[in-house]
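Descriptive analysis of the structure
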Amino acid sequence: MIRELLYNNLLGVGYPVYNSSTLASDPLDESYITYFLAGSSDNSHYDNEAKSWAYDIQVVFYTTKAELLETAPNAIRAKLKQVGFIPQGKGYELAEANGYSGWALDFTIIEKL
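Here's what I pulled together on the structure shown here. Each chain has its residues counted from 1, following the order in which its sequence is written. Selection of residues for local features in this predicted model requires a pLDDT of at least 70, selection of side-chain atom pairs for listing and counting requires 80 or more, and totals for whole chains, interfaces and linings are taken over all residues. Just so you know, side-chain values use all the structure's heavy atoms and leave hydrogens and water out.

**Considerations on the nonpolar core**
Residue types Ala, Val, Leu, Ile, Met, Phe, Trp, Tyr and Cys, when buried and joined through side-chain atoms within 4.5 Å, form a set referred to as a nonpolar core. With a 1.4 Å probe rolled over the protein chains alone, any residue whose accessible area is under 20% of its type maximum counts as buried; one over 50% counts as exposed, and the rest are partly exposed. Counting residues in each nonpolar core, the largest one holds 21 residues, and the members touching the most others are L6, L10, I33, I57, V59, I76 and L80. Sorting the residues of this core by element identifies helix 1 (2-11), strand 2 (31-46), strand 3 (49-63), helix 2 (72-82) and strand 6 (100-112) as the ones contributing at least two each. If we skip the residues at most four places from it in the chain, I33 touches L10, V13, Y15, P16, V17, Y18, V59, V60, F61 and I76. A run of H or I in DSSP counts as a helix once it spans at least four residues, and a run of E counts as a strand once it spans at least two, with each numbered from the N terminus. Working rule for contacts: check all heavy atoms of both residues, and any pair within 4.5 Å makes them a contact.

Right under this line is the structure:
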């Protein structure tokens, strides 16, 4: 459910979207988004049972057009925030590699059980 919600909303930003753990080494688009579910933990409990989980998610925007780092991360943050993802700060720049610049954003989302 969380992966589907994440994937479908990232597609709405207008760039190709890939799960970073399945990203192929094929030639990539000039701009694209990856996501990774970095972890999960119990979020709330009642009567010794978990009642919700918190998922930690990393989303990275990669591009060969560095000027897009000024706008695309903001669009990603706004889109995901609309559907319940909680941004953990503004994000951070990644070192350039293979001609791509990157901006990483961390999110948390709570799933009620």
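**A closer look at unusual backbone geometry**
Positive phi is not limited to glycine here, since D47 has a value of about 55°. The topology assignment puts D47 in the loop between strand 2 and strand 3. Here D47 falls in the exposed class, since its relative accessible area comes to 64%. For N48, which is not glycine, the phi dihedral falls at a positive 60°. Inspection of the secondary structure puts N48 in the loop between strand 2 and strand 3.

**Here we look at the packing of helix 1 against helix 2**
Put simply, helix 1 and helix 2 touch, their axes get as near as 10 Å, and they point 135° apart. As the angle between them shows, helix 1 and helix 2 are arranged oblique. Regarding helix 1 and helix 2, the two cross each other, and that crossing is right-handed. Facing helix 1, whose interface residues are L6, N9 and L10, helix 2 presents I76, K79 and L80. Between N-to-C directions, angles cover 0 to 180 degrees, with each direction set by a line fitted to C-alpha atoms, over the stretch in contact for helices. In what follows, roughly perpendicular refers to angles from 65 to 115 degrees, roughly parallel to angles under 35, roughly antiparallel to angles over 145, and oblique to any angle outside these ranges. Less than a right angle of anticlockwise turn of the near helix away from the far helix marks a crossing as left-handed, whereas a clockwise turn marks it as right-handed.

**Description of the side chain of S52**
With respect to the helices and strands, S52 occurs in strand 3. Whenever a nitrogen or oxygen atom comes within 3.5 Å of another N or O atom, the pair is scored as a polar contact, on the condition that within protein one atom can donate a hydrogen and the other can accept it, and that pairs from neighbouring residues in sequence are kept only if both atoms are in side chains. Polar contacts involving the side chain of S52 include one to the side chain of S44, which spans 2.7 Å. What S52 contacts, discounting residues up to four positions off in sequence, is S41, D42, N43, S44, I110, E111, K112 and L113.

As far as function goes, none of this settles anything; it's purely spatial.
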